[in-house]
Amino acid sequence: VQMQQEEAERQRQAEEKEMRVAHSKELKHQIGAREEKAYQERRDYLEEGNSVRAQIGSERKKLESIKDRKISELKKTGVPEKYWAELARKKISI
């Protein structure tokens with residue numbers, strides 16, 4: 001009788017240990033998945049920032065070329081410098 005009880009106790013302990021190991025593996029998997037998700041979100045955030053900076057840079061170049069073209073048109077049409085000089089000094093801000 002005692003042998004059967006000891007065997008049953010060992011069996012119960014082995015099952016509990018298997019459950020703990022399985023639970024531990026599941027938690028580690030969840031932690032890894034959460035870390036990967038956070039890492040991907042950070043990469044996406046940084047990539048979005050880079051694309052926004054690139055868009056701003058291209059917009060600034062576009063505005064600079066429009067400004068230069070307008071100044072050269074004003075010079076060609078003979079507009080005195082005092083009228084287009086302020087436009088030439090104007091900084092493009094986006």
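The coordinates are above.
These lines cover the structure that appears in this document, whether it is placed above or below. (Residues numbered from 1 in each chain as written. Predicted model: local features only at pLDDT ≥ 70, side-chain atom pairs only at ≥ 80, totals over all residues. Heavy atoms only, no water.)

Observations regarding the overall build of the protein
Part 1: Along the protein, the regular secondary structure elements total two helices and zero strands.
Part 2: Taken against the 2.2 N^0.38 rule, which gives 12 Å for 94 residues, the C-alpha radius of gyration of the protein at 35 Å runs more than 25% over that of a compact globule.
Part 3: In terms of its C-alpha atoms, the protein occupies a principal-axis envelope of roughly 115 × 15 × 5 Å.
Part 4: As presented, the protein carries roughly 8800 Å² of accessible surface, and 53% of it is formed by carbon and sulfur atoms.
Part 5: Here the protein contributes 23 positively and 19 negatively charged side chains, and the mean placements of these two sets differ by 14 Å. (Helix = DSSP H or I, 4+ residues; strand = E, 2+ residues; numbered from the N terminus. Rg over C-alpha atoms; globule rule 2.2 N^0.38 Å. Areas by Shrake-Rupley, 256 points an atom, 1.4 Å probe, with all protein chains shown as cover. Lys, Arg positive; Asp, Glu negative; His and termini not counted. Charge placed at Lys NZ, Arg CZ, Asp CG, Glu CD.)

A few points about a negative patch on the surface
Part 1: Taken together, the side chains of Glu41, Asp44, Glu47 and Glu48 present a region of like negative charge at the surface.
Part 2: Tracing the sequence through the fold places Glu41 in helix α1 (residues 2-76).
Part 3: A relative accessible area of 46% places Glu41 in the partly exposed class. (Patch = residues over 30% accessible without salt bridge, like charges linked within 9 Å, V, L, I, M, F, W, Y side chains within 5 Å. Salt bridge = Lys/Arg side-chain N within 4 Å of Asp/Glu carboxyl O. Buried < 20%, exposed > 50% of the residue type's maximum accessible area, 1.4 Å probe, protein only.)

Thoughts on the environment of Leu46
Part 1: In this structure, Leu46 sits in helix α1.
Part 2: Taking relative accessible area as the criterion, Leu46 reaches 42% and is therefore assigned partly exposed.
Part 3: On a C-alpha basis, the gap between Leu46 and Gln13 in space is 49 Å, while along the polypeptide they are 33 residues apart.

Describing α1
Part 1: Over its 75 residues, α1 extends 110 Å from the first C-alpha to the last, a length consistent with the 111 Å expected when each residue adds 1.5 Å.
Part 2: One or two residues past the end of α1 sits Gly78, with phi positive at roughly 85°. (Expected span 1.5 Å × (residues − 1).)

Some words on the packing of α1 against helix α2 (residues 81-89)
The relative placement of two packed helices is expressed as an angle between their axes plus a distance between the axes.
Part 1: Where α1 meets α2, the closest approach of the two axes is 10 Å, and the angle between their N-to-C directions is 170°. As far as their axial angle goes, α2 and α1 are roughly antiparallel. Across the interface between the two elements, Lys67, Lys70, Ile71, Leu74 and Lys75 of α1 pack against Trp84, Leu87 and Ala88 of α2.
Part 2: Split by residue class, the contact of α1 with α2 holds five nonpolar, no polar and three charged. (Axes fitted to C-alpha atoms, helices over the stretch in contact; angles between N-to-C directions. Parallel < 35°, antiparallel > 145°, perpendicular 65-115°, else oblique. Contact = heavy atoms within 4.5 Å. Nonpolar A, V, L, I, M, F, W, Y, C, P; charged D, E, K, R; others polar.)

Things to note about the side chain of Lys67
Part 1: For Lys67, the location among the structural elements is in helix α1.
Part 2: The side chain of Lys67 is buried and forms no salt bridge, while Glu64, the nearest opposite charge, is found at 4.0 Å.
Part 3: Among all residues touching Lys67, those that are not within four sequence positions of it are Leu87, Ala88, Lys90 and Ile92.

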